[in-house]
Amino acid sequence: MTKPAFNLTWHALSAHREALGEQHLNEIFAADPARAARMQLEACGVFLDYSKNRVTDETLTLLFGLAREAGLAEHTTAMFEGARINTTEARSVLHTALRRPAGASLGVEGHDVMADVVAVRERIRRFSEQVRVGSWLGYTGRPITDVVNIGIGGSDLGPLMVCEALQAFAHPGLRMHFVSNVDGVQIDDVLKKVNPQTTLFIVASKTFTTQETLTNAHTARSWLIGHAGSDAAVARHFVAVSTNAEAVSAFGIDTDNMFGFWDWVGGRYSLWSAIGLPIVLQIGADAFDRLLAGAHAMDEHFRTAPLEQNLPVIMALLGIWNIDFLDAPTQVIAPYHQRLHRLPAYLQQLDMESNGKSVKLDGSPVRCHTSPVIWGEPGINGQHAYFQMLHQGTRFAPIDFIGVLDHPAHLDHHHRVAFANMVAQAEALMRGKSAPEVEAEMRAAGLAEERIRALIPHRVFPGNRPSNMLLLERLDPFGLGALIALYEHRTFVQGVVWGVNSFDQWGVELGKQLAARVLEDLGATSDSNPHDASTAALIERYRQHARAGDPAR
Ligand code: F6P
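All of these numbers come straight from a predicted model, not from anything done at the bench. (Residues numbered from 1 in each chain as written. Predicted model: local features only at pLDDT ≥ 70, side-chain atom pairs only at ≥ 80, totals over all residues. Heavy atoms only, no water.)

Draft legend 1. Structural detail: the environment of Ile333. Structurally, Ile333 can be placed in strand 10 (residues 330-335). C-alpha of Ile333 to C-alpha of Leu174: the two residues are 159 residues apart in sequence and 30 Å apart in space. Those residues in contact with Ile333 that lie beyond four places of it in its chain are Leu343, Pro344, Leu347, Ile374, Trp375, Gly376, Glu377, Tyr386, Asp400, Ile402 and Tyr487. (Helix = DSSP H or I, 4+ residues; strand = E, 2+ residues; numbered from the N terminus. Contact = heavy atoms within 4.5 Å.)

So this is what it looks like as structure tokens:
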């Protein structure tokens, strides 16, 4: 793939990559064991060891030069100050304002956005306290026991991931449910489990026009009214989180029960806003403030630390090195704490919706690879599934290992086993196992010569597979806030270097438009089916099935 011709450092990096050739991490470590101590960093309770990347000091110096050349400092200031850096939507990008402490002010185009932020925070605090202490009552006078968040994308993934991660801080009397899929099964399952008298629905949608969310919300509303016998119950059981008061009202939710946010909060950056309401309900407003404080601490670190000691910058530049110079098409996220099991899905939207772009801000082609495919699962489970490919596959995939040091005393043995596996996997991926090692091992085990010859190629591990090791001191609101903000800024830095707009998502629109047309055609009684032959046949198959009736019903 052609590299950006204008960028001298990019050329220098390409030449440097050629010079490094296939130098193995084992050789690099043998020549310079001190790199382990040099290539580690800690900020805001997050520790990073990045020494197992296929980089030298020279690589890093060049990469820092790349960030400087891209104007990272200026772009960062512009974002934090509220300049309209989301140019295709003419919007500021101010999720960092959402985690600023109360008392700080931030004037953007003559308006103090912090006054608005703090006012919504206070309303959320009051409302969530009422629910949590049991004084917010349902239509029969009973307190809330179940909260159902109906939303999708950024209006689901962030709150869901954080609620899962912070289970240890959860209110014991409130059960949280998340409904995002419009297939009907998910909402059906939840509605079977909950009691209409004690269930609170949060309809979370920035635009309040999202088909999946509104379909699920209408179903929930009809279910509630069906049980309560009157739509007066909606006021006690439905709240909305949105930027679109008109649509909230039209849906039938009083705007007194709406928590607002602003167009300068992107969906995938919105868990810090009112979209975080399920989190506040689950862990309380004080703990939510600590989540914000962790993210704010990472914001300050990112804004002020020199590039060479800047966690998000280093992770971003290593990512660019892997993607564009070592040709890694994907990036694995492997958390070794079960409560972080939704982190890969969350980061998938953060990264791929932000940087999955092929044109630059000025509309010209990017000419290098941008967002990798982000994927993953809890690492321990992955070891018995996808790690085979990581160790011996033809494509290499850099990995972020994410561990947590602190753990309950009674889980000490389990924690030790999990931690040992995480560290060993990183070591194995880097070190590999050579043919002579494999041969010696099999000979010691007494295998026949012929068998040894046949098995060697299958049992060799090439190694030289890079990884980052991220360690959280503990999985608490502050640490989690810092970790999420770290990935947000990593995404931002990569977007700046690639020159793309990380804050729009035009790529999701075409599917939405066509879905509306296909939906109409599925129900059409006429023979009209104005699609390509494949799509038309699929629509016809659906129609035929509908006409015949489902015999299973
Ligand atoms: O379709 C993509 C998207 O717009 C995401 O960017 C967003 O997080 C999600 O849909 C949900 O949007 P909304 O909050 O407006 O319902």
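Draft legend 2. Spatial organisation of the site of the ligand. In the vicinity of the ligand, 14 residues are found, and the nearest of them are Gly154, Ser155, Ser205, Thr207 and Thr210. Residue Lys206 places a main-chain N or O atom 2.7 Å away from an oxygen atom belonging to the ligand. Between an oxygen atom of the ligand and a side-chain N or O atom of Glu353, the distance comes to 2.9 Å. Contact with the protein chains hides 88% of the accessible area of the ligand, taken as 400 Å² for the molecule alone. (Near = heavy atom within 4 Å. Polar contact = N/O pair within 3.5 Å; in protein donor to acceptor, adjacent residues only side chain to side chain. Areas by Shrake-Rupley, 256 points an atom, 1.4 Å probe, with all protein chains shown as cover.)

Draft legend 3. Fine view of helix 14 (residues 285-304). For helix 14, which comprises 20 residues, the first-to-last C-alpha distance of 28 Å matches the rise-based estimate of 28 Å (1.5 Å per residue) to within 8%. What helix 14 keeps buried is the set Ala285, Ala287, Phe288, Leu291, Leu292, Gly294, Ala295, His296, Met298, Asp299, His301 and Phe302. (Expected span 1.5 Å × (residues − 1). Buried < 20%, exposed > 50% of the residue type's maximum accessible area, 1.4 Å probe, protein only.)

Draft legend 4. Region of interest: the nonpolar core. Core analysis: the biggest nonpolar cluster contains 120 residues, and Leu281 and Leu480 have the highest contact counts within it. At 12 residues, helix 22 (residues 477-498) tops the list of elements feeding residues into this core. Excluding anything up to four places from it in sequence, Leu281 contacts Phe127, Ser128, Val131, Arg132, Val147, His171, Leu174, Met176, Leu200 and Ile202. Ranked by size, the runner-up nonpolar core spans 24 residues in total, among them Val194, Leu214, Leu224 and Ala247. (Core = buried A, V, L, I, M, F, W, Y, C linked by side-chain atoms within 4.5 Å.)

Draft legend 5. Focus on the sheet that holds strand 6 (residues 175-179). With parallel pairing, five strands are arranged side by side in an open sheet as 6-5-7-8-9. Two strands lie at the open edges of the sheet, namely strand 6 and strand 9 (258-260), each paired on one side alone. Taking each pair of neighbouring strands and ignoring which way they run, the sheet shows an average axis angle of 20°. Two strands pair when backbone bridges link them, and strand 8 (residues 238-242) and strand 9 are joined in this way by three bridges, in the parallel orientation. In the sheet register, Val241 faces strand 9, and the bridge partner there is Phe259. Packing against the sheet, helix 7 (residues 113-133) makes contact with strand 7 (199-204), strand 8 and strand 9, and its axis sits at approximately 145° to strand 9. (Pairing = 2+ DSSP bridges. Axes fitted to C-alpha atoms, helices over the stretch in contact; angles between N-to-C directions.)

Draft legend 6. Broad picture of unusual backbone geometry. Despite not being glycine, Phe208 shows a phi value in the positive range, around 55°. Assignment of secondary structure puts Phe208 in the loop between strand 7 and helix 10 (211-228). Non-glycine residue Asn464 carries a positive phi angle of around 65°. Among the secondary structure elements, Asn464 is positioned in the loop between helix 21 (449-459) and strand 13 (467-472).

Draft legend 7. Quick look at the packing of helix 8 (residues 157-165) against helix 16 (residues 343-355). The N-to-C vectors of helix 8 and helix 16 enclose an angle of 155°; their axes lie 9 Å apart at closest approach. Relative to helix 16, the element helix 8 is oriented roughly antiparallel. The two elements helix 8 and helix 16 cross, and the hand of that crossing is left-handed. Listed contacts from helix 16 to Leu157, Gly158 and Met161 of helix 8 are Leu343, Ala345, Tyr346 and Gln349. Here the residues of the contact of helix 8 with helix 16 sort into five nonpolar, two polar and no charged. (Parallel < 35°, antiparallel > 145°, perpendicular 65-115°, else oblique. Left-handed = near helix turned anticlockwise from the far one by under 90°. Nonpolar A, V, L, I, M, F, W, Y, C, P; charged D, E, K, R; others polar.)

Draft legend 8. Region of interest: the side chain of Arg17. Assignment of secondary structure puts Arg17 in helix 1 (residues 8-20). The exposure class of Arg17 is buried, given its relative accessible area of 15%. Once residues within four sequence positions are removed from consideration, Arg17 is found in contact with Glu22, Arg54, Trp321, Phe325 and Leu326.

Draft legend 9. Representation of the pairing of strand 5 (residues 146-150). Counted residue by residue, strand 5 has five buried out of five residues, so it is predominantly covered. By the alternation rule, side chains of strand 5 split into Asp146, Val148 and Ile150 and Val147 and Asn149, which are all buried. As judged from the five bridges shared by strand 5 and strand 6, these two strands associate in the parallel manner. Within strand 6, the residue paired with Val148 across the bridge is His177. Sheet topology note: the strand 5/strand 7 ladder contains five bridges and is parallel.

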